[in-house]
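Topology and contacts: notes
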Amino acid sequence: MTTPEAYSHFRETLDYIRRYFKGEAEVGIVLGTGLGRLAEVIEKEHQLAYNFIPHFPISTVESHFGRLIFGRLGGKRVVAMQGRFHYYEGYSMYQITYPIRIMKLLGVHTLLLSNAAGALNLSFNLGDLMIIRDHINLLPENPLRGINLDQFGPRFPDMSSPYHPELIAHAKTIAARLGIPLREGVYVAVAGPNLETRAEYRFLRIIGGDAVGMSTVPECIVANHMGMRVFAMSIITDIGDPDNLKPVSLEEIIKVANDAEPKLTQIFVELLQGL
Ligand code: HPA
């Protein structure tokens, strides 16, 4: 929950980061499960491990590195999170979205989010890329609960276009030029960490979801609160077909995400170039 202490936390975090990174960042990037290698193409200037950054939560999931990377990508100054924080790890929504607040204070105006997700739309295939056009938030806590951080944004932020239509249009043009097929749809965020039952996959499809995952929506809400432009893309790592559900493991999810990652990286880099 946000409390008045948030502002002094932010100041302490920034004081630390400013010892290493003096400039302004323009674009924030969050790398999802199995997607950490996108960081390899960043021309790195500084890397800060989360566990040394004051007030940063420490990533507990093995499939995620935990560091903040400062550098250049697609000609833009970026700050990338290699490893994100999930609700199922036990963090509060304030902790999960804390780095996004810090990105804003470093100058970030555009946020690119990525994740691994299960398909609810049964026309999707393993390894497909899905642009998130809209979302449904089924997480049990909202990152804006608590006092409103008035210096960042309004009490009741508008969510009529949480994912920026121009960035979506631009990504589609890029993908068409590169010959990368793209899906587009609604992402449903759930708490996890268990995957869904057959009845749950069926329910999530009925309520309007195309893909389901355990992240992204908290970061998107906080970024919208602060007036950032958001673009998000899912890699479809498993198929939530209620009538034909197969057991999936984290290893399989990571493998599919890894295999599809180069396509996502290409789109992110070109999107950055066009900003
Ligand atoms: N459900 C929830 N989260 C996920 C899934 C899924 O099927 N696949 C990857 N993340």
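About the cut-offs
Residues numbered from 1 in each chain as written. Predicted model: local features only at pLDDT ≥ 70, side-chain atom pairs only at ≥ 80, totals over all residues. Heavy atoms only, no water. Helix = DSSP H or I, 4+ residues; strand = E, 2+ residues; numbered from the N terminus. Contact = heavy atoms within 4.5 Å. Near = heavy atom within 4 Å. Polar contact = N/O pair within 3.5 Å; in protein donor to acceptor, adjacent residues only side chain to side chain. Salt bridge = Lys/Arg side-chain N within 4 Å of Asp/Glu carboxyl O. Buried < 20%, exposed > 50% of the residue type's maximum accessible area, 1.4 Å probe, protein only.

Moving on to the environment of Ile267. Residue position: Ile267 is located in helix H6 (residues 250-273). With 94 residues separating them along the chain, Ile267 and Thr173 place their C-alpha atoms 9.8 Å apart. Ignoring any residue separated from it by four or fewer positions in sequence, one finds Ile267 in contact with Leu129, Ala171, Ile174, Ala175, Ile180, Leu182 and Met233.

Bringing the site of the ligand into the picture now. In the neighbourhood of the ligand, the contacting residues comprise Ala116, Ala117, Gly118, Leu195, Glu196, Tyr201, Val212, Gly213, Met214, Thr237, Asp238 and Ile253. Here Ala116 contributes a backbone N or O atom positioned 3.4 Å from a nitrogen atom of the ligand. Measuring from a nitrogen atom of the ligand, one finds a backbone N or O atom of Gly118 at 3.2 Å. Counting residues per element, the ones that place at least two in the shell around the ligand are strand E5 (110-119), strand E8 (211-213) and strand E9 (229-239).

Where charged atoms of side chains with opposite charge meet at close range, the side chains can pair. Under the definition given, this model contains 9 salt bridges. Two residues, Glu26 and Arg77, come together in a salt bridge whose shortest N-O distance is 3.3 Å. Placement of Glu26 in the loop between helix H1 (6-18) and strand E1 (27-31) and of Arg77 in strand E4 (residues 76-82) is noted, with a sequence separation of 51 residues between them. On the accessibility criterion, Arg77 (32% relative accessible area) is partly exposed. Here the salt bridges do not stand alone but share partners, grouping Arg133, Lys172 and Glu184 into one network.

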